[in-house]
Amino acid sequence: MHSVLPRLLAPALVFFLPFHPASGQTWEPGTAPSSPQEIRLHVPRVAVGPPMDPSLTHPLWETAARLDHWTQTTPGDNAPPMAPTVALLLHDDDALYIGIHAYDEPGAVRYAMHRRDVVLRQAQDYIGLHLDPFNDRRQTFYFAVNPVGIQGDGIFLESTGAFVPWDGIFDTSGEVDPEGGGYRAVFRIPFKTLRFRPADPQVWGVSLTRRYGRNEAEDTPWTLDRNLACDFCQMGEIVLEGVTPGRNLEVNPALVANTSANRPFPQEPMSSLQGGFEPSVNVKYGLTSNITADATLNPDFSQVESDAGQLEVNNRFALFFRESRPFFNEGADLFVTGISLPRFQGGGGGSAPLNLFHSRTIVEPDWGAKISGKAGKMGVGLVAAGDAASPVDLAGAQGGSRAGVGRLTWDVGDDGYVGAMVTHRDHRGAGDQVGAMDTRIRVTDNLSFRGMLVASRFSSPWNGFQPAQTPTERPLPIPSDSPDPVIGKALQLQTNYQSRSWAGGLGLLDITPDFRAPLGFVPRNDQLLLAGAWAWIWRGTGFIRRFQPGITVERIHEHGESGNLLDGDRLTDQLWETGVVMDLAGASQFQLRYSRSSTLFREQLFPNQDRLNLSLRSNAFARAGLETSLEVGEAVIFQDRTGGGSPLPGWVVEGNLSSTLRPHTSVRLDVGARGSRIWRRSETSARESHYADALIPRLRSEVQFTPRLGFRGIAEYRGQSFFGPGGAKVDQDQEILLDILFSYVINYGSAFYVGWTELHVGDELRSPVPTRRGGVAKATYVWRF
């Protein structure tokens, strides 16, 4: 076995920057903010809660518990806030009420009227609320409201730092004070929306954050310790008396009317529009106070937005697209097992390389069932679905498949767990099974450990299908020459360190050649990877808010003849990357990275590939935001589409430029383009000959007429062209997507949608012509009992 230990590298230069005091209005509270260990707030109970009036003038608010000694935790380190904030808390038998009065200078508040659930993705003021009804500091229900009452929600996980989409039913309201400055907002969180244990009194974990859009500063009601590598361990507590969790029932029927036309081949005429009606229903029932059962029949996801285009001109591995369908997002936090590789930039290394359940592999579900929740220290999750689509990894397969996932976790320590997961998919006699055990343990206040051991099994009595001779004939399976099951294994171990001034991690990832996870997202097998990252963090309150230089090192070996775990053989890939990340005043961030990598691909070695990456994101102006990136350097052309398919050395320039424009508070325009140009590279010339171009311009427009009524329009072009060594164009793919949607949304389950979509496709011989078009109208309403 060859040595697989990476060389230890360190940043070549670390320099210190002067510390400047924060600018703007400040507020000196009468009493120093408390630490979270001192916060245990008894929330008064009232017979009937106050109205959703954001003026906060109702007499009931005078009896509320108060949090009025806030402190700035970003960029300041428990410094005086820019402006005072007061939080008021009440509850009745049905809901928790939180009123917020956020003072500020006149005209300083940033806000917009927009659709639900994009509060966190825009440079605006908002209030964030974390609730941990189990008070186990492992995950939180997250709620947000902006100054005009637009809401967002999700689930945060302490173990991974991940944000999982989630849709809950709750009420918010808000109003801006144009004369006195600042804004006021109200949350009403029904207890039916949450899961929690039966107890009296209830003791929940809680934290609140006030975010300033103009400079991304954050205030909290108590001090936070940056030297602790945990967020939820620094939550306060609220005490609620007389709260009874109910077993609520939700019935959510929907009716969809659709019409569509297709053009099977470019030379054929477009078919006439044909349509029909599709009923569906979702049902949710609380089996216990904290375990929920969900079922869906003939679910429809027509209102889900199309994925933004990603460059596909020269990708070695599959691209990751996040899940956005509501049924699969409910309870999705229980199924998160992926561990992102350590990277110095912070936030992990993109999508996890060993994600065992990615629900987008269930392409066209015609039914689904789910159980999720927590009983004591045990978390449980079960998913079953029937998929009308064929498995994409079985050549020639036709007809649907069935999928199932089971997940159990057991709480360990302050915020750790041990868990197990199984997944299963079967298709006409072929079956895939995956079994895994994983854990996350906090070793010290700053050091945590994560590990996962996985085994996969694939068995099939056949190998593909014979093609059907007639449209009505069922394809016959081809018997397999080797019906014995194929066994694969995977292992991932990782430590992460986080303190006030340092962050880093070491990781080992091992995926054997025969490993497969068809219900997950595992873009590459046959790799034994060692990774390490380290970064130094400096924070200030002047023009530079955070300065973080760092380094990442990776080495990948393929497996030996045995194909067993930890049997690393030939070195195939290595990378070292260094750079700096800077958070700047004006809600801006700048990154500069330089990397050198080597790749062994199809028995060809491509050594010492140098690449430079620059990126800038800025929301310094209230009406316009900018995001741009540029990457330049050497690359591998993994498959030459203009020749015999052999890999080639290449040179790539890849860029992204996008802008968010707000000509009016209710109007948002996202204008952007991604593009790349690739050249063949030789020993004498970095750009020997032009190989390929790719371009994806995209326009996304939103008009939010009221908090419930909105319009969304998308126009996107996707084009890629390939050129022979002589410069002539030999291949071209073109797509034009047009998508519009009008929506009236009361909550996630009660809404009305009307939309139209067109897809135009072309190639090197034909300009884009319509190949698919259709309209949809959907009405859905949720009843809660």
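The rules behind the values
- Residues numbered from 1 in each chain as written.
- Predicted model: local features only at pLDDT ≥ 70, side-chain atom pairs only at ≥ 80, totals over all residues.
- Heavy atoms only, no water.
- Salt bridge = Lys/Arg side-chain N within 4 Å of Asp/Glu carboxyl O.
- Helix = DSSP H or I, 4+ residues; strand = E, 2+ residues; numbered from the N terminus.
- Buried < 20%, exposed > 50% of the residue type's maximum accessible area, 1.4 Å probe, protein only.
- Disulfide = S-S within 2.5 Å.
- Contact = heavy atoms within 4.5 Å.
- Patch = residues over 30% accessible without salt bridge, like charges linked within 9 Å, V, L, I, M, F, W, Y side chains within 5 Å.
- Areas by Shrake-Rupley, 256 points an atom, 1.4 Å probe, with all protein chains shown as cover.
- Pairing = 2+ DSSP bridges.
- 1 Å grid on protein atoms, 1.4 Å probe; cavity = no way out; pocket = protein on both sides within 12 Å on 5 of 7 lines; lining within 4 Å.
- Points joined across faces, edges and corners; volume = space filled by probe spheres on them.
- Nonpolar A, V, L, I, M, F, W, Y, C, P; charged D, E, K, R; others polar.
- Axes fitted to C-alpha atoms, helices over the stretch in contact; angles between N-to-C directions.
- Phe/Tyr/Trp six-rings, centres within 6.5 Å; stacked < 30°, edge-to-face > 60°.
- Lys NZ or Arg CZ within 6 Å of the ring centre and 35° of its normal.

## A closer look at the pattern of salt bridges
No. 1: This model, assessed by the stated rule, comprises 48 salt bridges.
No. 2: Where Arg137 meets Glu237, a salt bridge forms, and the shortest distance between an N and an O atom there is 3.5 Å. Of the two residues, Arg137 is situated in the loop between β6 (126-132) and β7 (139-145) and Glu237 in strand β14 (residues 236-240); the sequence distance between them amounts to 100 residues.
No. 3: For Arg137, a relative accessible area of 14% puts it in the buried group.
No. 4: A single salt-bridge network, built from bridges that share partners, covers Asp136, Arg138, Lys374 and Asp411.

## Regarding the state of the cysteines
No. 1: Under the definition given, this model contains 1 disulfide.
No. 2: Here Cys230 is linked by a disulfide to Cys233, with a sulfur-sulfur distance of 1.7 Å. The disulfide joining Cys230 to Cys233 has a torsion of about 65° about its S-S bond and is therefore right-handed.

## Structural notes on the environment of Trp534
No. 1: Mapped onto the elements, Trp534 comes out in strand β28 (residues 527-536).
No. 2: Residues Trp534 and Thr578, spaced 44 residues apart in sequence, show a C-alpha to C-alpha distance of 9.8 Å.
No. 3: Residues contacting Trp534, with those up to four places away along its chain left out, are Phe344, Tyr497, Trp502, Ala503, Gly504, Gly505, Pro549, Gly550 and Ile551.

## Quick look at a nonpolar patch on the surface
No. 1: A contiguous nonpolar patch, built from Phe705, Leu709, Ile740, Phe742, Tyr744, Ile746, Phe752, Val754, Tyr781, Trp783 and Phe785 and spanning about 1,000 Å² of accessible area, is present on the exposed surface.
No. 2: Mapped by element, the contributors of at least two residues to the nonpolar patch are β39 (729-747) and β40 (750-763).
No. 3: A per-element tally of the nonpolar patch places β39 first, with 4 residues.
No. 4: Note that Phe785 resides in the segment after β42 (783-784).

## Re the pairing of strand β19 (residues 378-387)
No. 1: With respect to burial, β19 is a largely interior element, 7 of its 10 residues being buried.
No. 2: One ladder, built from 10 bridges, connects strand β18 (residues 365-375) with β19; its direction is antiparallel. Paired with Ile371 across the strands is Leu382, a residue of β19.
No. 3: In sequence, β18 turns back onto β19 through a hairpin of 2 residues, with Gly376 there showing a positive phi of about 65°.
No. 4: Bridge analysis of β19 against strand β20 (residues 401-412) gives 10 bridges, and the strand direction is antiparallel. Across the sheet, Gly386 pairs through a bridge with Arg402, a residue of β20.

## A word on empty space enclosed by the protein
No. 1: With the rule as written, the count across this model stands at 2 cavities of 30 Å³ or more.
No. 2: In this structure, the largest cavity encloses a volume near 390 Å³.
No. 3: The wall of the largest cavity is formed by 23 residues, among which Arg138, Gln139, Asp333, Leu334 and Thr409 lie closest to the centre.
No. 4: Those elements that provide at least two residues to the lining of the largest cavity are β7, β18, β20 and β21 (416-427).
No. 5: Considering each element in turn, the lining of the largest cavity owes the most residues, 3 residues, to β20.
No. 6: Considering only residue class, the lining of the largest cavity consists of 7 nonpolar, 6 polar and 10 charged.

## Structural notes on the sheet that holds strand β5 (residues 95-102)
No. 1: Strand order in the open sheet made by the 5 strands is β2-β4-β5-β11-β10, with antiparallel pairing throughout. With one partner strand each, in any of the chains shown, β2 (65-67) and β10 (171-176) form the two edges of the open sheet. Going across the sheet, the axis of each strand differs from the next one's by a mean of 15°, ignoring polarity.

## Describing the packing of aromatic side chains
No. 1: Taken as a whole, this structure holds 16 aromatic pairs when the rule is applied.
No. 2: Considering the side-chain rings of Tyr142 and Phe156, the 5.1 Å spacing of their centres and the 80° angle between planes classify their relative orientation as edge-to-face. Of this pair, Tyr142 sits in strand β7 while Phe156 sits in strand β8 (residues 151-157); the two residues are 14 residues apart in sequence, bridging distant segments of the chain.
No. 3: With relative accessibility at 6%, the residue Tyr142 sits in the buried group.
No. 4: Judged by its relative accessible area of 22%, Phe156 is partly exposed.
No. 5: Here Phe601 and Phe638 contribute two aromatic rings whose centre-to-centre distance is 5.1 Å and whose plane-to-plane angle is 80°, an arrangement assigned as edge-to-face. Separated by 37 residues along the polypeptide, Phe601 in strand β32 (residues 588-601) and Phe638 in the loop between β34 (624-637) and β35 (648-664) bring together distant segments of the chain.
No. 6: Its relative accessible area of 13% is what places Phe601 among the buried residues.
No. 7: An aromatic cluster of three or more residues is present, and its members are Phe141, Phe143, Trp166 and Phe170.
No. 8: Above the plane of the ring of Phe134 lies Lys374, whose end atom (NZ or CZ) is 5.6 Å from the centre.

## Describing the environment of Asp53
No. 1: Summarising the element assignment, Asp53 is placed in the loop between β1 (40-42) and β2.
No. 2: For Asp53, a relative accessible area of 34% puts it in the partly exposed group.
No. 3: Taking the C-alpha atoms as reference points, Asp53 and Ser173, separated by 120 residues in sequence, lie 7.0 Å from one another.
No. 4: Asp53 has contacts with Ser173 and Val186, leaving out every residue within four places of it along the chain.

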